[in-house]
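Report on the structure
For reference, the chains in residue letters:
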Amino acid sequence: MPQTAVALRTLIAAAVALPLSLSACGDKDGYKGKPKSPARKWIDSPQSGSADDKFIKIPSLGVTFEIPDTRYVFKNCHEPAHNPEPPNDWIPLVRCASEGFGGGDSDWEEGGSEGSEAEAIAMTFYITPKERPIDERAVAYFRTQYQSAGLTVNELSYNDDYHNKRGIYAELQAPSEDSANPATEIVQFMFPYKDVVLIARMEYPFGDTRSVSTDWSAIMWYFNFEMPAG
């Protein structure tokens, strides 16, 4: 991939992450000085889970992901290493990707419905400490931040029940360096639990005709989080 494209991708990721102001590192106290929840403590010392043909489970965090039977693009689902990923230091939990996706992950399945020339893309669930409210009043704040970063906001809304989750849904477009058309489309959903925020995120080339939206909906439904006992 050309260096300009890599630089643009890094800028896009930073722009989307910037309004959260979230980091995997924090003070000894939890959100607003309260004691850390078990999930927040997990961020400080992540523990791997287990996987089989049907489930990916991280019991120490309360994450259960049932791998959907039908996936058109994101056919390779696995638990990545729980290392904070740049540029925002979110910790990946579960990743489903298309054929050929790299990023330090291995053991991909063979095959895939997309053509050999299609760009490798992924949908990833992350966790990070909560440092600001993620509620209805936060929508205006995020809209301003995204627009200030040069992103086009196609949709931004707070949802009480989005695939059995509550949080802020965003559809964004990042500009291209040398074209009037956007370079990248970004779909992201942030859903908080006490002092942590979970984030589902995917990005793909503008105008991509693969069934990413269908896969997104199926995968969102089957990701479940329950705060572990203290």
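Structure: above.
Residues numbered from 1 in each chain as written. Predicted model: local features only at pLDDT ≥ 70, side-chain atom pairs only at ≥ 80, totals over all residues. Heavy atoms only, no water.

Comments concerning the environment of D53
Residue placement: D53 occurs in the loop between β1 (50-51) and β2 (55-58). Residues D53 and E66, spaced 13 residues apart in sequence, show a C-alpha to C-alpha distance of 9.3 Å. (Helix = DSSP H or I, 4+ residues; strand = E, 2+ residues; numbered from the N terminus.)

Digging into the packing of aromatic side chains
Per the counting criterion, the structure on display carries eleven aromatic pairs. Through a chain of ring-to-ring contacts, three or more aromatic side chains come together here, namely F65, F125, Y162, Y169, F189, F191, Y193, F223 and F225. Here the guanidinium or amino end of R132 rests over the ring plane of Y141, the centre of that ring lying 3.7 Å away. The side chain of R132 reaches across the aromatic face of F142, ending 5.8 Å from its centre. (Phe/Tyr/Trp six-rings, centres within 6.5 Å; stacked < 30°, edge-to-face > 60°. Lys NZ or Arg CZ within 6 Å of the ring centre and 35° of its normal.)

What to know about helix α3 (residues 138-148)
Those residues of α3 not exposed but buried are A138, V139, F142 and Y146. Buried positions in α3, seen along its axis, are confined to an arc of 100° and lie on one side of it. Opposite its buried face, α3 presents the exposed residues A140 and S148, each directed more than 90 degrees away. G150, located one to two residues past α3, shows a positive phi value of around 90°. (Buried < 20%, exposed > 50% of the residue type's maximum accessible area, 1.4 Å probe, protein only. Arc of directions from axis to C-beta.)

Some details on the sheet that holds β1
Pairing is antiparallel in the open sheet, where four strands are placed in the order β1-β2-β3-β11. The sheet is open, and its two edges are formed by β1 and β11 (223-225), each paired on a single side. Relative to β11, strand β3 (residues 63-66) runs antiparallel, the two being bridged by three bridges. When the bridges of β11 are listed, V63 appears paired with F225. Of the strands in this sheet, β3 and β11 are in contact with helix α4 (residues 212-222), which crosses β11 at around 30°. (Pairing = 2+ DSSP bridges. Contact = heavy atoms within 4.5 Å. Axes fitted to C-alpha atoms, helices over the stretch in contact; angles between N-to-C directions.)

Comments concerning the sheet that holds strand β5 (residues 91-97)
Here seven strands make up an open sheet; going across it, the order is β4-β5-β6-β10-β9-β8-β7 and the pairing antiparallel. Looking at which strands have only one partner, the edges of the open sheet turn out to be β4 (76-78) and β7 (152-159). Between one strand and the next, the sheet's axes are offset by a mean angle of 15°, whatever the strand orientation. As defined by bridge partners, β7 adjoins strand β8 (residues 167-175) across seven bridges and the pair is classed as antiparallel. Its bridge partner being in β8, E155 is matched across the sheet by E171. Sitting on the sheet, α3 is in contact with β7, β8 and β9 (182-193), with an inclination near 160° to β7.

Comments concerning the environment of T124
In this structure, T124 sits in strand β6 (residues 122-129). With relative accessibility at 3%, the residue T124 sits in the buried group. Between the C-alpha atoms of T124 and I219, which are 95 residues apart in sequence, the distance is 9.9 Å. Those residues in contact with T124 that sit more than four places away from it in its chain are P92, V94, R95, I199, A200 and R201. Within the structure, T124 has its side chain in polar contact with the side chain of R95 (distance 2.8 Å). (Polar contact = N/O pair within 3.5 Å; in protein donor to acceptor, adjacent residues only side chain to side chain.)

In short, the description is geometric, and any link to function would need to be established separately.
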